[in-house]
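# Commentary on secondary and tertiary structure
Here is how the chains run, residue by residue.
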There are 2 protein chains.
Amino acid sequence: MRVLVLGGDGFCGWPTSLYLSDRGHDVTILDNLSRRKIDVDLEVESLTPIVSVSDRIKAWREVSGREIGFVNVDLANEYDRLAALLRELRPDAIVHFAEQRAAPYSMRSAKTKRYTVDNNVRATHNLLTAIVDTGVEAAVVHLGTMGVYGYGWSGSAPIPEGYLTVKVPTPDGDLEREILHPANPGSVYHMTKTLDQLLFAFYAKNDGLRITDLHQGIVWGTQTPQTARDERLINRFDYDGDYGTVLNRFLMQSAIGHPLTVHGTGGQTRAFIHIKDTVRCIEIAIENPPQTGDKPLVLNQMTETHRVLDLAKLVSDITGAEIAYLPNPRREAEENDLAVRNDQFLALGLEPTTLSEGLLGEVTDIAGRYAHRADVRKIVARSVWRAGMETAPDLLTELPAREG
Amino acid sequence: MRVLVLGGDGFCGWPTSLYLSDRGHDVTILDNLSRRKIDVDLEVESLTPIVSVSDRIKAWREVSGREIGFVNVDLANEYDRLAALLRELRPDAIVHFAEQRAAPYSMRSAKTKRYTVDNNVRATHNLLTAIVDTGVEAAVVHLGTMGVYGYGWSGSAPIPEGYLTVKVPTPDGDLEREILHPANPGSVYHMTKTLDQLLFAFYAKNDGLRITDLHQGIVWGTQTPQTARDERLINRFDYDGDYGTVLNRFLMQSAIGHPLTVHGTGGQTRAFIHIKDTVRCIEIAIENPPQTGDKPLVLNQMTETHRVLDLAKLVSDITGAEIAYLPNPRREAEENDLAVRNDQFLALGLEPTTLSEGLLGEVTDIAGRYAHRADVRKIVARSVWRAGMETAPDLLTELPAREG
């Protein structure tokens, strides 16, 4: 299959590109390297030392004998180059990761709010328009987020896979209607994924585009069998207050002797998935597209749910790290329950990597190994959801001496 | 009240600005004159001869003694100027008309699809971000569209005012939940208004912004008592295939001896409102904003519903015009019923202008008077919802000799 991976240099995009290449697909990456450039602005770096995209691709060629193409195109701002690429490549599937994906970054300032909306909406809409415009037959697989659903909205009912059947009262009695699950985004970033859903629904209906939207949980882990084949193939690992995600941050914090930073009570329950399962889900999705005329297919790309505090305690139990309770910079419920349906992925063959099997390896292989690269001033989250909200001071200002 | 009218030079914006000024409000218009520029590209002109915005404002000063401010700012692309203006003006209310508003234009090409999404989403999001960023206390009144709801979705139940109470099945029985009415937009333009709804919901929740979203029906009529006070104040009248709206097009067609162009069977039922009621609704909305912390207030800004074919027959009965059935360039149901709730506007004092009282005056005063300005080659709709859909040839190529 010819697969175009938009955002193929990023945290999910890179291991996906390698996995699909390894599985025999003909992969081309489109990326404007915005994720690396945002790190420049934030004055942070991936904990793991990532090499340039060209060197990554060269390394993959050396270890696998396979070619991955790369074009540096800004999906949101270079429509004509996108359309030309589609005409030339005529991909069978397009995997769309090319959006600004950090909630804290999206709430950081007027500038980052505007960038997140502009970039994400334009990227998605340019893609959809270009597919219609060029007439290519590509199916679209988009990375959404569990955050489109919000938390605690449907009581004890598990979050369904995208659509919800509700009863609408009418003068003639209740009418059953299937609706897109109501949108309850918690940040500007999450909001952009709810906008994407409406774009997808329209282009599926009006133009018959085949679209799969994957509502992913929080990804943990770093490496896949492919990224582990050479150090130059290593995946990025974000630990800073904007881009670091909760479990990976705990692992890294424990590795450097930093307290585990829990925001609020830690009673927030969230969905999780290992990066190895992410790449497998993408393959399942490109192999099982909806039909022309179908509404977008929505799958929940997650395997487990956990309370944030329970994760902190789990990491603390393994590593002995302390837990620090910090003010919550987000506007969200202190506590919530969460159950999620992921039946379709399980039926299509996903075999989940469980937290229990993967956790300790991550601590030692990645977080421990690269702990010396951490900048401890970048760990505490500083982006707040509303002006004037409290944040914590830095809990460490230099790396403690390494033991052992 | 200090009122900033975004898009105040347009078809709804101009009469609203005059009305609010006449009612004693301190009005400033922000407009980038994009509507006039699109006419340049489409090689069409308003049937009515509209003068420049500066001459309009000068004429208003002469007839009313009142000042209206004007700034030429591109809301979608000049964020810093917008923020500076808000800081300087500190408006109490901001009326937001500044979006590309023609469904056919939004479906015309990849370029106009992209322009419509970019312009409309950026305009709305820039506004919301700038209000948060500057801390001004302004309430927002936005012009939405009845088209966000779609047609025929809820059976015999009338379309509610924005929100719908549904029953969600859970293991513990049905849960009652109030949801934003599911989005069922029929064009890229209508889709942008469904995106706006999600932006509003987020900024009301996260930042406490006070937002009213007015889902307007198809506007008919041209003049208000204010625009009628001097010929230089006349409102625009669009009759071309992209920007002309159904009833005004019929009126103009009958005035020049052109067949009334009905797309498909004419069985589409739509909601309507006279421009005089539009401006009154805006006043009601700015006087009755929601409270900080409320979800967006949604009002249906319409007064009557009619089948397109019935309107054609009504105009035909009055004027003797023929009816021409043309291929429908839109992807929509051939026929639909429509009932709409507008209780809140009626309760707040709206007194609807009925079709029966206003129709004949429009035919003679506006369409008849300016019929000589029509370009008959621009009447038939050419923008299609999907490539390859059929359109009709021009039904006339020159103006017939005027009678009487």
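Residues numbered from 1 in each chain as written. Chains lettered and ligands numbered in written order. Predicted model: local features only at pLDDT ≥ 70, side-chain atom pairs only at ≥ 80, totals over all residues. Heavy atoms only, no water.

Although it is not a glycine, R90 of chain A adopts a positive phi angle of roughly 40°. Mapped onto the secondary structure, R90 of chain A falls in the loop between α4 (79-89) and β4 (93-96). In this model, L33 of chain B sits at a positive phi of 60°, which is unusual for a non-glycine residue. Note on placement: L33 of chain B falls in the loop between β2 (26-30) and α2 (34-42). Overall, L33 of chain B belongs to the buried group, its relative accessible area being 18%. (Helix = DSSP H or I, 4+ residues; strand = E, 2+ residues; numbered from the N terminus. Buried < 20%, exposed > 50% of the residue type's maximum accessible area, 1.4 Å probe, protein only.)

On to the pairing of strand β5 (residues 139-145) of chain A. Residue and element names in this part refer to chain A. A large share of β5 lies buried, amounting to seven of its seven residues. Covered by surrounding structure in β5 are A139, V141, L143 and T145 together with V140, H142 and G144, the residues of both alternating faces. Relative to β5, β4 runs parallel, the two being bridged by four bridges. Bridging across to β5, V95 finds its partner in V141. Bridging between β5 and strand β8 (residues 211-216) involves six bridges; their strand directions are parallel. What sits directly across from L143, in β8, is L214. (Pairing = 2+ DSSP bridges.)

So, about the sheet that holds strand β9 (residues 218-220) of chain B. Residues and elements named next belong to chain B. Pairing within the open sheet is mixed, and its three strands lie in the order β9-β11-β13. Of all the strands in the sheet, just β9 and β13 (304-307) have a single pairing partner and so form its edges. Taking the axes of each pair of neighbouring strands and ignoring which way they run, one obtains an average angle of 45° across the sheet. Pairing geometry for β9 and strand β11 (residues 269-274), over three bridges, is parallel. Bridging across to β11, I218 finds its partner in F272. Here helix α10 (residues 308-319) sits on the sheet and contacts β11 and β13; the angle it forms with β13, its principal contact strand, is near 85°. Against the sheet, helix α12 (residues 355-368) touches β9, β11 and β13, its axis set at about 55° to β9. (Axes fitted to C-alpha atoms, helices over the stretch in contact; angles between N-to-C directions. Contact = heavy atoms within 4.5 Å.)

Below, the discussion takes up the pairing of strand β4 (residues 93-96) of chain B. Residue and element names in this part refer to chain B. Judged by which residues are buried, β4 turns out to be covered on both faces: A93 and V95 on one side and I94 and H96 on the other are all buried. Bridge analysis of strand β1 (residues 2-6) against β4 gives four bridges, and the strand direction is parallel. Each residue of the ladder has a partner; that of L4, found in β4, is I94.

Here the focus is the confidence of the model for chain A. On average, chain A scores 95 in pLDDT, and the residues at 70 or more come to 99%. Overall fold confidence for the complex sits at a pTM of 0.97, while the interface term, ipTM, reaches 0.97. (pLDDT = per-residue confidence, 0-100.)

Quick look at empty space enclosed by the protein now. Residues and elements named next belong to chain B. Under the definition given, this model contains five cavities of 30 Å³ or more. Looking at the largest cavity, its volume works out to about 50 Å³. If you trace the largest cavity, you find it lined by F11, R101, R236, F237, D238, Y243, G244, T245 and N248. (1 Å grid on protein atoms, 1.4 Å probe; cavity = no way out; pocket = protein on both sides within 12 Å on 5 of 7 lines; lining within 4 Å. Points joined across faces, edges and corners; volume = space filled by probe spheres on them.)

Take the packing of aromatic side chains next. All names here are of chain A. Tallied over the full model, the rule gives four aromatic pairs over all chains. Aromatic pair F202 and Y203: ring centres 5.4 Å apart, planes at 85°, arrangement edge-to-face. The pair F202 / Y203 is uniform in exposure class, with both members buried. Looking at R35, its charged tip hangs above the ring of Y243, at a distance of 3.6 Å from the centre. (Phe/Tyr/Trp six-rings, centres within 6.5 Å; stacked < 30°, edge-to-face > 60°. Lys NZ or Arg CZ within 6 Å of the ring centre and 35° of its normal.)

Residue and element names in this part refer to chain A. Mapped onto the fold, R249 is located in helix α8 (residues 246-256). Of the side chains with opposite charge, D240 lies nearest to the buried R249, which makes no salt bridge, at 6.6 Å. Beyond its immediate chain neighbours, meaning those up to four positions away, R249 contacts Y239, D240, G241, G244, T261, H263, I379 and A381. (Lys, Arg positive; Asp, Glu negative; His and termini not counted. Salt bridge = Lys/Arg side-chain N within 4 Å of Asp/Glu carboxyl O.)

Quick look at the relation of the copies chain A and chain B now. Superposing chain A onto chain B takes a rotation of 180° combined with a translation of 0.0 Å along the rotation axis, leaving an RMSD of 0.0 Å. Taken together, the rotation angle and the small translation identify this as a two-fold axis. Using C-alpha coordinates, one finds that chain A approaches the rotation axis most closely at K167 of chain A, a distance of 2.5 Å. A shared interface surface links the copies, since 100% of the contact residues of chain A are contact residues in chain B too. (Least-squares fit on C-alpha atoms with pLDDT ≥ 70 in both.)

Residues and elements named next belong to chain A. Each pocket or cavity is described by its volume, and for the second largest pocket that value is around 350 Å³. If you trace the second largest pocket, you find 19 residues lining it, with I38, D41, Y105, K111 and Y115 closest to the centre. Secondary-structure elements contributing two or more residues to the lining of the second largest pocket are α2 (34-42) and α6 (110-134). Considering each element in turn, the lining of the second largest pocket owes the most residues, seven residues, to α6. Taken together, the residues that form the lining of the second largest pocket break down as five nonpolar, five polar and nine charged. (Nonpolar A, V, L, I, M, F, W, Y, C, P; charged D, E, K, R; others polar.)

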